[in-house]
Amino acid sequence: MTVLVDCQGLSKHFGHKAVLQQLDLQIHVGAPVALVGANGAGKTTLLSVLCGYIQPDHGRVEVLGHQAGSPELSGRLGALPQDAQFDPDFGLARQLQWLARLQGMSVAKSRQETERVLALVDLTAEAGSKVAQLSHGMRKRLAIAQALLGEPELVLLDEPTAGLDPLHAKALRDCIQRLSAHCTFVISSHNLFELEQLCGTVLMLEQGRIQQQVAQVSQSGVLRLQLCQENYQPLLPLLEQLPGLVSLRKVSKLQLELQYDAERAVDFDVLLLQWLHQQGIDYRQLSRGPSLEQQLFQSGARPTS
């Protein structure tokens, strides 16, 4: 499996404060990777080191086989910094074309790429507008557009949906899912629900170290069923015969946890809903579980507020 990011013994201090401490990390080609942790855990610092914005005090950092910040990474690594800024007096398209030219694109190619990324973030109509005329959400979408210039192999996104309205946040998640077939994303966010929908691996950063890793959070093969009444018990033997069901556990008086074979029964949730309808059983909620929040914090870890 191709290694995109390789950090060994990475440390970074700001004054007397240790932000990253002997951090070891490898990120491979594949589904989006989430980076979570409390404020001050070191997420933004880690992404800044990977981009080459700041230099580590100790340790080795390689991105796409090169030292972080190397000129060879131009066009291969895209990034959305936490506080990305643009010149307020220049138009969107002009600034993106200039950034594309810095990557070595021709004039024609830079125009084509600008049109492509503006369409991805729904800003085509504002291509000629000045940045000063944009709302906060539009500026965030512009910053995401620049991160996608040149179709990079690796894209680092720091709080990509912060400040976006629900419609554009969903559109961005859909965009990331589409582009993930050709690009690996690393996403830092406090929105655990969002990360659960997008990411195949979640890394929890605490006190400058990777403290926990949760793999394939969106394909756990576990469903939680909240029922309305207790008269379902006689039907449990029938429920246990559903194709793909591995185990059935009673979590509480009205809640069941069903573990199933996700590879053999891809549509197990649909089968379950059909069974509930056939048996005339009412339910309040059906959710995938355990949730990412439960997986990360069931051991009493601090919340990512």
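Bringing the environment of L4 into the picture now. Tracing the backbone shows L4 in strand 1 (residues 3-14). Put simply, L4 and G69 are 65 residues apart on the chain and 14 Å apart in space, counted from C-alpha to C-alpha. Beyond its immediate chain neighbours, meaning those up to four positions away, L4 contacts I27, H28, V29, E62, V63, L64, L154 and T184.

Our focus in this paragraph is the environment of S129. Looking at the element boundaries, S129 is found in the loop between helix 3 (107-120) and helix 4 (136-147). Separated by 40 residues in the primary sequence, S129 and D89 place their C-alpha atoms 9.3 Å from one another. Those residues within four positions of S129 in sequence are excluded, and the remaining contacts are F90, G91, L92 and L134.

A word on the sheet that holds strand 11 (residues 222-227). Here four strands make up an open sheet; going across it, the order is 12-13-11-14 and the pairing antiparallel. Sheet topology places strand 12 (245-252) and strand 14 (283-288) at the edges, where each strand pairs with a single neighbour. For this sheet, the mean inter-axis angle between neighbouring strands, taken without regard to orientation, is 20°. On the sheet, helix 8 (residues 268-279) packs against strand 11, strand 12, strand 13 (255-260) and strand 14 and is oriented at approximately 170° with respect to strand 14.

You can see T184 is positioned in strand 8 (residues 184-188). One polar contact links the side chain of T184 to the main-chain amide nitrogen of G30, over a distance of 3.2 Å. In this structure, T184 is in contact with L4, H28, V29, G30, A31, E153, L154 and V155, ignoring residues within four places of it in sequence.

Further remarks concern the confidence of the model for the protein. In the predicted model, the protein carries a mean pLDDT of 88, and 92% of its residues have values of at least 70. With pLDDT under 50 throughout, residues 299-305 is counted as low confidence; its partners more than four residues away or in other chains account for 15 contacts.

Turning our eyes to something else, we now look at the nonpolar core. Of all hydrophobic cores here, the largest spans 36 residues; its most connected members are L142, L157, F185 and I187. At five residues, helix 4 tops the list of elements feeding residues into this core. Those residues in contact with L157 that lie beyond four places of it in its chain are L47, L80, A147, I176, F185, V186, I187 and S188. One finds L50, V63, L203 and L205 within the second-largest nonpolar core, a separate group that totals 27 residues.

So, on to the packing of aromatic side chains. On inspection of all chains with the given rule, the structure shows one aromatic pair. Across from the ring centre of F14, 5.4 Å away, lies the NZ or CZ of K12, which sits over that ring.

This part is about the pattern of salt bridges. Applying the stated rule across the entire model yields nine salt bridges. Here R60 and D6 are joined by a salt bridge, their closest N and O atoms 3.3 Å apart. A residue pair is termed long-range when its members are at least 10 positions apart, and R60 in strand 4 (residues 58-63) and D6 in strand 1 qualify at 54 residues. Note that R60 is salt-bridged to E62, the shortest N-O span being 3.7 Å. A residue is classified by how much of its surface remains accessible, and R60, at 37% relative accessible area, is partly exposed. Classification of E62 by relative accessible area gives partly exposed; the value is 31%. Beyond isolated ion pairs, a larger network of salt bridges with shared partners links D6, R60 and E62.

With that settled, consider the packing of helix 2 (residues 92-102) against helix 3. The geometry of helix 2 relative to helix 3 is characterised by a closest axis approach of 8 Å and an angle of 125° between their N-to-C directions. Classified by the angle their axes make, helix 2 and helix 3 are oblique. Where helix 2 crosses over helix 3, the handedness of that crossing is right-handed. The residues of helix 3 that touch helix 2, namely those facing L92, A93, L96, Q97, A100 and R101, are V107, S110, R111, T114, V117 and L118. Grouping the constituent residues of the contact of helix 2 with helix 3 by class yields seven nonpolar, three polar and two charged.

Okay, the sheet that holds strand 5 (residues 66-67) next. Think of a sheet as strands paired side by side through backbone hydrogen bonds, with each pair either parallel or antiparallel. The strand order across the open sheet formed by four strands is 2-1-4-5, and the pairing between neighbours is antiparallel. Edge positions in the sheet fall to strand 2 (17-28) and strand 5, since each of these pairs with one other strand and no more. The sheet contact formed by strand 1 and strand 4 spans five bridges and is antiparallel. Counted as the bridge partner of Q8 is R60 from strand 4.

What counts as what
- Within each chain, residue numbers correspond to sequence positions counted from 1 in written order.
- Given that this is a predicted model, residues contribute local features only at a pLDDT of at least 70 and side-chain atom pairs are listed and counted only at 80 or more, while totals for whole chains, interfaces and linings are drawn from all residues.
- The side-chain quantities take in all heavy atoms of the structure and omit both hydrogens and water.
- By the criteria applied, helices consist of DSSP H or I runs no shorter than four residues and strands consist of E runs no shorter than two, each listed in order from the N terminus.
- Whether two residues touch is decided by their heavy atoms; if any such pair falls within 4.5 Å, the residues are in contact.
- Pairs of strands are assigned from DSSP output, requiring at least two bridges between the strands.
- Axis lines are fitted through C-alpha atoms, for helices just across the contact stretch, and the angle between N-to-C directions can take any value from 0 to 180 degrees.
- N or O atoms closer than or at 3.5 Å make up a polar contact, with two conditions inside protein: a donor-capable atom paired with an acceptor-capable one, and, for residues adjacent in sequence, both atoms drawn from side chains.
- Each residue carries a pLDDT value, the predictor's own confidence for that position, ranging from 0 to 100.
- Buried Ala, Val, Leu, Ile, Met, Phe, Trp, Tyr and Cys residues that are joined via side-chain atoms within 4.5 Å together make up what is termed a nonpolar core.
- A simple rule labels every residue: compare its accessible area, found with a 1.4 Å probe on the protein chains alone, to the largest value its type can have, and call it buried under 20%, exposed over 50%, or partly exposed in between.
- We call Phe, Tyr and Trp rings a pair once their centres come within 6.5 Å, taking the six-membered ring for Trp, and we label the pair stacked below 30 degrees between planes, edge-to-face above 60, and tilted otherwise.
- By definition here, charges over rings are those cases where NZ of Lys or CZ of Arg is within 6 Å of the ring centre and within 35 degrees of the ring normal.
- The rule for a salt bridge is simple: a side-chain nitrogen of Lys or Arg has to be within 4 Å of a carboxyl oxygen of Asp or Glu.
- In this scheme, roughly parallel covers angles under 35 degrees and roughly antiparallel covers those over 145, while 65 to 115 is roughly perpendicular and the rest are oblique.
- For any helix crossing, the convention is left-handed if the near helix is rotated counterclockwise from the far helix by under a right angle, and right-handed if that rotation is clockwise.
- Gly is put with the polar residues, along with every residue not named as nonpolar or charged; the nonpolar set is Ala, Val, Leu, Ile, Met, Phe, Trp, Tyr, Cys and Pro, and the charged set is Asp, Glu, Lys and Arg.

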